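# Coordinates in review
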Amino acid sequence: MKTILFASFVLASLAAFAGAAQSQQIQLSAGVVCQPATAADAARLDFSNGSAANVFAAPGSADQVASVVCALQPVPPGYVMVRATVWFFDPARRWPRAYCNFFNLAPGVAPRSVPILGLSTNLSLASAALVVDPFAFVPHAVNCSIRPGQRIYAIETTLELLQ
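Definitions and limits used
- Residues numbered from 1 in each chain as written.
- Predicted model: local features only at pLDDT ≥ 70, side-chain atom pairs only at ≥ 80, totals over all residues.
- Heavy atoms only, no water.
- Helix = DSSP H or I, 4+ residues; strand = E, 2+ residues; numbered from the N terminus.
- Phe/Tyr/Trp six-rings, centres within 6.5 Å; stacked < 30°, edge-to-face > 60°.
- Disulfide = S-S within 2.5 Å.
- Buried < 20%, exposed > 50% of the residue type's maximum accessible area, 1.4 Å probe, protein only.
- Pairing = 2+ DSSP bridges.
- Contact = heavy atoms within 4.5 Å.
- pLDDT = per-residue confidence, 0-100.

What follows covers unusual backbone geometry. With an omega dihedral of 5°, the bond running from Ala58 to Pro59 counts as a cis peptide bond. Tracing the chain through its elements places Pro59 in the loop between β4 (52-54) and β5 (66-71). Its identity as a non-glycine residue notwithstanding, Arg93 has a phi of 60°, on the positive side. Note on placement: Arg93 falls in the loop between β6 (79-89) and β7 (99-103).

Pairs of aromatic rings are described using the distance from one ring centre to the other and the angle between the two planes. The final tally for this structure, using the stated rule, is 1 aromatic pair. Arranged with centres 6.2 Å apart and planes meeting at 70°, the rings of Phe88 and Trp95 form a pair that is edge-to-face.

Applying the stated criterion to the full structure yields 2 disulfides. Residue pairing for Cys34: its cysteine sulfur links by disulfide to Cys70, the two sulfurs lying 1.9 Å apart. With the S-S bond torsion at 100°, the cross-link from Cys34 to Cys70 turns out right-handed. Of this pair, Cys34 sits in strand β2 (residues 34-36) while Cys70 is found in strand β5, placing the two residues 36 residues apart along the sequence. A single burial state applies to Cys34 and to Cys70, both of which are buried. Indicated for the chain is the disulfide connectivity 1-2, 3-4, based on numbering the bonded cysteines in sequence order.

Attention now goes to the pairing of strand β11 (residues 141-146). Counting buried positions along β11 gives 5 out of 6 residues, so the element sits mostly inside the fold. Looking at chain direction, β5 and β11 are connected through 6 bridges and run antiparallel. Note on β11: the bridge partner recorded for Cys70 is Val142. Sheet topology note: the β7/β11 ladder contains 4 bridges and is antiparallel. The residue bridging Phe102 from the neighbouring strand is Val142, located in β11.

The next thing to look at is the side chain of Arg94. Within the fold, Arg94 resides in the loop between β6 and β7. Those residues in contact with Arg94 that sit more than four places away from it in its chain are Ala58, Pro59, Arg147, Pro148, Gly149 and Gln150.

With 87% of its residues at a pLDDT of at least 70, the chain reaches an overall mean of 87. Here residues 1-21 is a poorly scored stretch, pLDDT under 50, and it has 23 contacts once near neighbours within four places are set aside; other chains count.

Right under this line is the structure:
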């Protein structure tokens with residue numbers, strides 16, 4: 001299952017970035033970098049396989065939804081972030097109107113909400129992708145909800161050379 005999930009993620013990433021410029025670099029983190037948003041959320045999550053998975057079976061109920069906060073990797077010198085993406089997996093293929101909120105930790109900067117959208121190439125996968133203007137809003141963290149049966153398996157940031 002992990003091999004199929006990883007292969008699907010790699011193929012989806014390659015398809016999404018097929019026309020990307022040579023100067024782009026991609027940083028990947030496993031979903032385990034996400035942490036429960038509250039103590040109650042900790043009881044709803046399992047991190048044993050490297051992802052942030054909701055422990056309840058689908059379809060579950062509204063009180064079984066877990067919230068996580070994921071720190072984004074720092075941007076190395078000489079680069080700027082141009083995209084931040086959270087990757088989800090749901091074998092039941094349930095992608096309701098849900099959002100992830102990307103946060104810039106500067107005081108007074110409002111978060112940006114991005115919808116979670118299923119991929120047309122693999123309906124079990126979905127992503128919340130924020131296109132970043134590196135001179136206006138650079139996210140440092142993201143907050144997402146994970147419904148029963150779902151998991152966050154990767155956090156991806158796309159970087160470009162600073163010119």
